[in-house]
Each structure stands twice: as structure tokens, then as C-alpha cells.
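The chain contents come next:
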Amino acid sequence: MSRVYNFSAGPSMLPLEVLERAQREMLDCNGSGQSVMEMSHRSKEYQAIIDEAEALLREIMEIPDNYKVLFLQGGASTQFAMMPLNLGNKNKKADFVTTGQWAKKAKQEASKYIQANEVASSADTTFSYIPELTKDMFDPEADYVHITFNNTIYGTRYTSLPDTGNVPLVADLSSNILSEVVDVSKFGMIYAGAQKNMGPAGVTVVIIREDLIGNAMDITPTMLNYETHSENGSMYNTPPTYAIYICKLVYEWIKAQGGIKEVQKVNEAKAKILYDYLDSSEMFRGTVVPKDRSLMNVPFVTDSEELNAKFIAEAKAQGFINLKGHRSVGGMRASIYNAMPTEGVEKLVAFMKKFEEENK
Ligand SMILES: *Cc1c(COP(=O)(O)O)cnc(C)c1O
């Protein structure tokens, strides 16, 4: 078996132990004589899997009892519409912080249904930082404030949360959920597509405070109403059964690592290896303001397009794949999610040093 180090922004690496377990259980999960893929979602075998997935997520994220956990489809992108339809029905306006393309899309989609106000933006420097946010910047009458906690494309993240007073803070955690300790009680709602740091594509997790459910606009399609899914235990229709099962295995893996706190320590050490090298290199440099650097997505460049292309090609030949940066930033991006072993980052840095030496 030969496996590459996959630095893709998503879908991305899954822990080897998770894949091996899924392989062992592929034909016969837990003595049921079936693959999870073949199970009726209404069977008691499958009910046990989704119940355990939810219980584990609640445990590892310490989700308070007054929050619902929903396993939905449609990706994080569908949340961009579900948020205004469900949360924006009081004063029909919400505040947005524009820290990248996903944040922008959340605002654009909301503006179809409500008044979407931009309170701050870092577009002036291609989103290389998180804007300073103070309480007076937010409209106390807004129905919610939306932030993108970790900006997958640009490699920034919030290191402290804005004070929005009584206005519910809603956050897109697609690329940093389970990577660092997050106090769920500070949010009205958290959502994340699974395919970056939690599982395969096809399932989106929504963690929502109960009082925010049940006030959707009349035009809200049944499937886009949080109440529909909350009242039916994420089983109003067929949920993405296999993707939820893999998430459950990932939650078990996180627990076996000692929980999110321990995983965070590893992530901090892992990111430091790469950032320290970028700070000392004369060829490569990071593109983000140091204080707002993401632990998960690390964009970097050289001063030459040619050198960038050469680096990406040579890295690929060595088994370091998907290092090409997003088209809007250029250069390179190394996504180093939970499942990327420390060894993968060490080997990448060793390769970068060698490349720098050879191409002076
Ligand atoms: C990938 C990503 C999205 C889009 O997710 P889909 O599941 O493809 O809709 C949204 N927000 C962030 C922060 C992302 O990283």
C-alpha cells in the first residue's frame, strides 16, 4: 500500500484508523450481516449509529442540552439560504463580516431574503487578516451576526469571538470544526460541511440553540426548515447514512486521541513547524498576518510564478499532493487538518528546505 500526503482543502485526508475500521466493517457492520450503506435508515441498527454519532459529537464538543444537533445535506452552501429563511424572520436583517469568499457567499445568499449588512471586510488586502470588531459595529436589531470562523481559502481564523450582545452569533466552522476547543454556548448556531475535518462529503452538521428553531419564513421549503429536521431526529427523509457513520468513526478517533483539547495541541505544534519554516525561509513566505494565521489552511508563495509551479510539480512527484493554492490567492496552500500526521508536515518542510537549497 502506498498512501500520499494529501494537502487538499477538502475533501481531504481521513485518519487511517478510521478508514481501516470502515474497511473491516464494510461487508458486515457489527454482526448485522450488512454494510452500513445497505441498511434501512429506519432500522434499529442504523438508529443506533446515528444516535451514537450525535452522542459522541455532544460529548467531544461539550454541546449544551439546549442545542440541537442536525445531520443535513446540501453542504455548507445550503446553510447560506437556510440561515436567513429560518433566523431572519424577526427584523429581516442580519450583519456579516466579509473575510473571504465563503463569507461573501453567505451574505449574498442572505440578501435574497433579508437585508444583509456588511459590518467589516478584509477585501482590501485579499483577505489576509481578520478585521477588528467592536460591539458598537453591530446592529442590536439584527436577527443574527454571521462570521466564517476559519477562512479555508485565505488561511485566516478568529482567535477571539466578537461581542455581539444579545444578537445570536452564527459561525461557519466548515474547515476548523473539531480542530480546536470551541465554546458552543457563545453561538446561536454553528454549521460545518463534513468534508474538511469531520468526514466525507455529503453531510453537514448544524448545532443550533433550540429557541432559534420554529420561526422560519412562510416561504421556507420544508426541507430547508430546521424545525423539520429537529422534530424528526434528522430523519425526515433519508439522511446521508454512510457519511454520518464515517463521522461517527471520526468522533471516536478524536475521543481516542484524548479529545479536542489534545487534538488542538497537536494542531498547534504541527502548524508551528510550517509557519516557523515560512518565517525563516528566504524563498517561501506566508500570505497572512501572523496573529490571524489558521491552524488548518496555510497559504504560502514564492516571488515567482514559475518557481511556484515547479515546486508544486516536484512536490507532487514526491507524494505531497494538492499543494496548489486557490486560484484567487495563487501560489501554494497546505491544508493540514486533524488527519494530517505531524510526520507529513515535517516531511513537507524537509522537502521545502531541499527545494529552496536547490533553487537558490
Ligand atoms: C468548503 C467550505 C464551504 C462550502 O462547503 P460545501 O459543503 O461545498 O457547500 C463553506 N464554507 C467554508 C468555510 C468552507 O471551507
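Definitions and cut-offs
Residues numbered from 1 in each chain as written. Predicted model: local features only at pLDDT ≥ 70, side-chain atom pairs only at ≥ 80, totals over all residues. Heavy atoms only, no water. Domains from an automatic or database assignment. Contact = heavy atoms within 4.5 Å. Buried area = accessible area lost by both parts, 1.4 Å probe. Salt bridge = Lys/Arg side-chain N within 4 Å of Asp/Glu carboxyl O. Polar contact = N/O pair within 3.5 Å; in protein donor to acceptor, adjacent residues only side chain to side chain. Helix = DSSP H or I, 4+ residues; strand = E, 2+ residues; numbered from the N terminus. Buried < 20%, exposed > 50% of the residue type's maximum accessible area, 1.4 Å probe, protein only.

## Focus on the domain arrangement of the protein chain
Now for step 1: Its domain assignment divides the protein chain into domain 1 (16-256) and domain 2 (258-358).
Now for step 2: Placing the centre of domain 1 and that of domain 2 at their C-alpha centroids yields a distance of 27 Å.
Now for step 3: Facing 29 residues of domain 1, the contacting portion of domain 2 comprises 25 residues.
Now for step 4: When the two sides are added together, the surface that domain 1 and domain 2 hide from each other amounts to roughly 2200 Å², 53% of it contributed by carbon and sulfur.
Now for step 5: Contact with domain 2 buries area across many residues of domain 1, yet I153, R157 and S179 alone supply 22% of it, more than any other trio.
Now for step 6: Remark: the boundary between domain 1 and domain 2 carries zero salt bridges.
Now for step 7: In this structure, the connection of domain 1 to domain 2 is made through 17 residue pairs in polar contact (both at pLDDT 80 or more).
Now for step 8: Among the elements of the structure, helix 2 (44-61), strand 6 (150-151), strand 7 (156-157) and helix 6 (241-256) are those that each provide at least two residues to the side of domain 1 that touches domain 2.

## Examining the environment of G330
Now for step 1: Residue placement: G330 occurs in the loop between strand 13 (320-321) and strand 14 (332-335).
Now for step 2: Taking the C-alpha atoms as reference points, G330 and S280, 50 residues apart in sequence, are found 21 Å from one another.
Now for step 3: Those residues in contact with G330 that lie beyond four places of it in its chain are V301 and G325.

## Focus on the side chain of S8
Now for step 1: With respect to the element layout, S8 can be found in the loop between strand 1 (5-6) and helix 1 (16-24).
Now for step 2: A residue is classified by how much of its surface remains accessible, and S8, at 11% relative accessible area, is buried.
Now for step 3: Only 3.0 Å separates the side chain of S8 from the backbone nitrogen of G10, close enough to count as a polar contact.
Now for step 4: In this structure the side chain of S8 is engaged in a polar contact, spanning 2.8 Å, whose partner is the backbone oxygen of P11.

## Thoughts on unusual backbone geometry
Now for step 1: Geometrically, the link from G10 to P11 is a cis peptide bond, its omega value of -10° lying close to zero.
Now for step 2: Considering the arrangement of structural elements, one finds P11 in the loop between strand 1 and helix 1.
Now for step 3: Phi is positive for E62, which is not a glycine, with a value near 50°.
Now for step 4: Relative to the helices and strands, E62 resides in the loop between helix 2 and strand 2 (67-72).

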